[in-house]
Amino acid sequence: MRKTYKYRLLGNRITFGKADNWIFLCRKLYNTALEQRIAIYKQNKGSISCYSQINQLPDLKAYFSEYREVGSQVLQGVIERLDKAYQNFFRRVKNGNGKAGFPRFKGRDRYDSFTLKQVGWKLEGKYLSIRNVGRFKLKLSRLIAGDIKTVTIRREATGKWYVCFSCNNVPERILEKSSKSIGIDVGIKSFLVDSEGNTVDNPAYFRQSEGLLRRRQRRLCRRIKGSNGRRQARVLVAKAHEKVKNQRNDFLHKIANKYVAQYGVIFIEDLNIKGMVRNHHLSKSIADSSWGKFFEMLNWKAEEAAREVIKIPRFEPSSKTCSDCGAVNKDLTLNDRQWVCQACGVLHDRDYNAAKNIARVGQTLSGANVCGYAKRILRIPAPLELGSVKLREYRQ
Ligand SMILES: [Zn+2]
């Protein structure tokens, strides 16, 4: 299994200054290599391969002494990055994407890292040394497992530095087999509701940080372009963004861990359909990014633990169908938090009812082992028309 570990880097002015200079040189090389490709194309409609551009790197070092200190693999990585941008561009063109953007020249804010491969670095306990740059201290929050393939040093907009170790052969943490399954519905009022009736609310600190972010963004707008004050304001905005992101990720990790630890199969609804639904307790941007990120985490955590997350298709009335008798309440509006089924008289909480439907459809489709509560629901004749759909199509 592949995995990336990210840590904050601590160091002194000199080492960070050197790392900053390496990023600058890499960016310059990237832009030069792009210029070369464009020039060759303009001259005779020709092209130059990644390989031949890499072969020119020794010449670059010979002519420009500032590049001599930068590791050869780091410079190779720059050319490979450009090549990847080209490949992605051609792939988008081939797929008929009308808006396929051509690889761009990178400005200062658009290039913020360099990557080392096997050589030029050494990790000793909490210390990472990079040849010709210096020694950094790592905030080692958890231990690295597997074989380190690449080491990426990154400067973020907040001015903080991070290192990412991309590792291969990371051992899986397979959990004990579980036959339990559950359906999860992302809520309107709360963050999510599951088919066993548990509700997870959005933490209150989301709103506080959101307020902070909004105030700082307003301040940034008032600052004059190019001024010192604007630069400072931009760093403050970046810091607020980082805070929101950290809080959100921390919150999502905890919930995803909980579900993956408890259930063998987790059913979720295709997220796109939620595009219309607005979580009134959070700004749209945070709510949307949270759900997407949450499902992403759920997916890779489940994969890591040999568990399953199954996305089920849009079935029209997931919240409008009574999970007890299957009758459809056509009059339900987005504002109805609760409703009473006209057919059987059961009072439903909107989100809980939807989560139960998701679990039931998922279980019907997958033939998953169902237990207790879920069995009770399954005994009710399924009113949902799913036609001849095959489960396979809904696996990721
Ligand atoms: Zn009913």
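Residues numbered from 1 in each chain as written. Predicted model: local features only at pLDDT ≥ 70, side-chain atom pairs only at ≥ 80, totals over all residues. Heavy atoms only, no water.

1. A word on the layout of surface pockets
- For the largest pocket, the calculated volume is near 1,200 Å³.
- Elements with a minimum of two residues in the lining of the largest pocket: β1 (3-10), α6 (228-262) and α7 (284-304).
- With nine residues, α6 is the single largest residue contributor to the lining of the largest pocket.
- Taken as a whole, the second largest pocket holds about 560 Å³ of empty space.
- Looking at the second largest pocket, it is lined by 16 residues, and the ones nearest its centre are E156, A157, T158, G159 and A238. (1 Å grid on protein atoms, 1.4 Å probe; cavity = no way out; pocket = protein on both sides within 12 Å on 5 of 7 lines; lining within 4 Å. Points joined across faces, edges and corners; volume = space filled by probe spheres on them. Helix = DSSP H or I, 4+ residues; strand = E, 2+ residues; numbered from the N terminus.)

2. Topic: unusual backbone geometry
- Although it is not a glycine, K45 sits at a positive phi angle of roughly 55 degrees.
- Its identity as a non-glycine residue notwithstanding, A306 has a phi of 55 degrees, on the positive side.
- Residue placement: A306 occurs in the loop between α7 and β12 (308-312).
- Overall, A306 belongs to the exposed group, its relative accessible area being 51%. (Buried < 20%, exposed > 50% of the residue type's maximum accessible area, 1.4 Å probe, protein only.)

3. Notes on the nonpolar core
- The biggest cluster of nonpolar side chains holds 41 residues, and the ones touching the most others in it are F114, L128, I130, I153 and V163.
- If one sorts the elements of this core by residue count, helix α1 (residues 13-44) sits on top with ten residues.
- Discounting residues that sit within four places of it in the chain, L128 has contacts with L9, W121, K122, L123, G134, R135, F136, L138, V151, I153, V163 and F165.
- Counting 24 residues, the second-largest nonpolar core is a separate cluster that includes F251, L252, F294 and F295. (Core = buried A, V, L, I, M, F, W, Y, C linked by side-chain atoms within 4.5 Å. Contact = heavy atoms within 4.5 Å.)

4. Topic: the pairing of strand β11 (residues 265-269)
- Counting buried positions over the five residues of β11 gives five, a clear majority of the element.
- Where burial is concerned, the two faces of β11 agree: the one with V265, F267 and E269 and the one with I266 and I268 are both buried.
- Of the pairings in the sheet, the one linking strand β8 (residues 181-186) to β11 comprises four bridges and is parallel in character. Bridge pairing links I182 to I266 in β11.
- Direction of pairing for β11 relative to β12: parallel, over a ladder of five bridges. If you follow I268 over to β12, its bridge partner there is K311. (Pairing = 2+ DSSP bridges.)

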